[in-house]
Amino acid sequence: MLEQKDCCLVVVDVQGKLAQSMFDKEHLFDNIRILIKAAKILGIPLIWCQQCPQALGPTVPPIAELLTESEPIDKSSFSCCGEDNFNDRLRALGRQQVLLCGIESHVCIYQTTVDLLRKGYTVDIIADAISSRTLENKQLAIQRMAAEGANIGSTEMAIFELLCTAEYPEFRKVAKLIK
């Protein structure tokens, strides 16, 4: 189960024209925005990365406008773990559960997942908040990540796991995000 005190959210490479070519992009963007908003309400720290932004462009405005409290980590490796800045930030958070969302499922999300699992983190893939250019690549990535030991869930599953109870003080505020 996800726990607020041990969890962080990582938003991966939702950038430029590549983001615009994702399978079911509107649903993807909506769910990433919901996760970011929920993380803020619940006090869950987040890290966001950008793959070669000089070539792919910046994070898309609907996502970037929610991330103004921190700077992105620019990277050239497909895995976020290939960037020392990412590893340092993640280690500094002291959290062992990583929620992953972003693109592309079969490249950066997959490789980050495998590296995080090898480092001993628990990884939760938010299946409705990741995508690839094709549905087939997304589905294959989810299968491979599950086989590697990642937990597969959805935006709503993650949010309700983190809330634990309808008596949570911010329950109504968070629940409004998914209705």
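Reference entry: report on the structure contained in this document.

1. Observations concerning helix α7 (residues 135-148)
So, step 1. Here α7 contains 14 residues, and its C-alpha end-to-end distance of 20 Å stays within 8% of the 20 Å for a straight helix at 1.5 Å per residue.
So, step 2. Contacts made by the buried residues of α7 are with α6 (105-118), β5 (122-131) and β6 (151-153).
So, step 3. Directly after α7, the chain includes Gly149, whose backbone phi takes a positive value near 115°.

2. A look at the packing of aromatic side chains
For any pair of aromatic rings, geometry is given as the distance between the ring centres together with the angle between the planes.
So, step 1. Inspection of the entire model under this criterion finds 1 aromatic pair.
So, step 2. Geometrically, the ring pair formed by Phe160 and Phe171 is tilted, given 6.3 Å between the ring centres and 55° between the ring planes. With Phe160 in helix α8 (residues 155-163) and Phe171 in helix α9 (residues 171-177), this pair connects stretches of sequence that are 11 residues apart.
So, step 3. Assessed through its relative accessible area of 37%, Phe160 is described here as partly exposed.

3. Focus: the pattern of salt bridges
So, step 1. Across all of its chains, the model carries 6 salt bridges by this definition.
So, step 2. Among the ionic pairs, Asp13 bridges to Lys75, the shortest N-O distance being 2.9 Å. Taken as a pair, Asp13 in the loop between β1 (7-12) and α1 (16-20) and Lys75 in strand β3 (residues 73-75) lie far apart in primary sequence, 62 residues in all. Of the two residues, Asp13 and Lys75, neither departs from the other in class, the shared state being buried.
So, step 3. Here Arg133 makes a salt bridge to Glu104, at a shortest N to O gap of 3.1 Å. Residue Arg133 is found in the loop between β5 and α7, and its partner Glu104 is found in the loop between β4 (97-103) and α6; the two are separated by 29 residues along the sequence.

Thresholds applied
Residues numbered from 1 in each chain as written. Predicted model: local features only at pLDDT ≥ 70, side-chain atom pairs only at ≥ 80, totals over all residues. Heavy atoms only, no water. Helix = DSSP H or I, 4+ residues; strand = E, 2+ residues; numbered from the N terminus. Expected span 1.5 Å × (residues − 1). Contact = heavy atoms within 4.5 Å. Phe/Tyr/Trp six-rings, centres within 6.5 Å; stacked < 30°, edge-to-face > 60°. Buried < 20%, exposed > 50% of the residue type's maximum accessible area, 1.4 Å probe, protein only. Salt bridge = Lys/Arg side-chain N within 4 Å of Asp/Glu carboxyl O.

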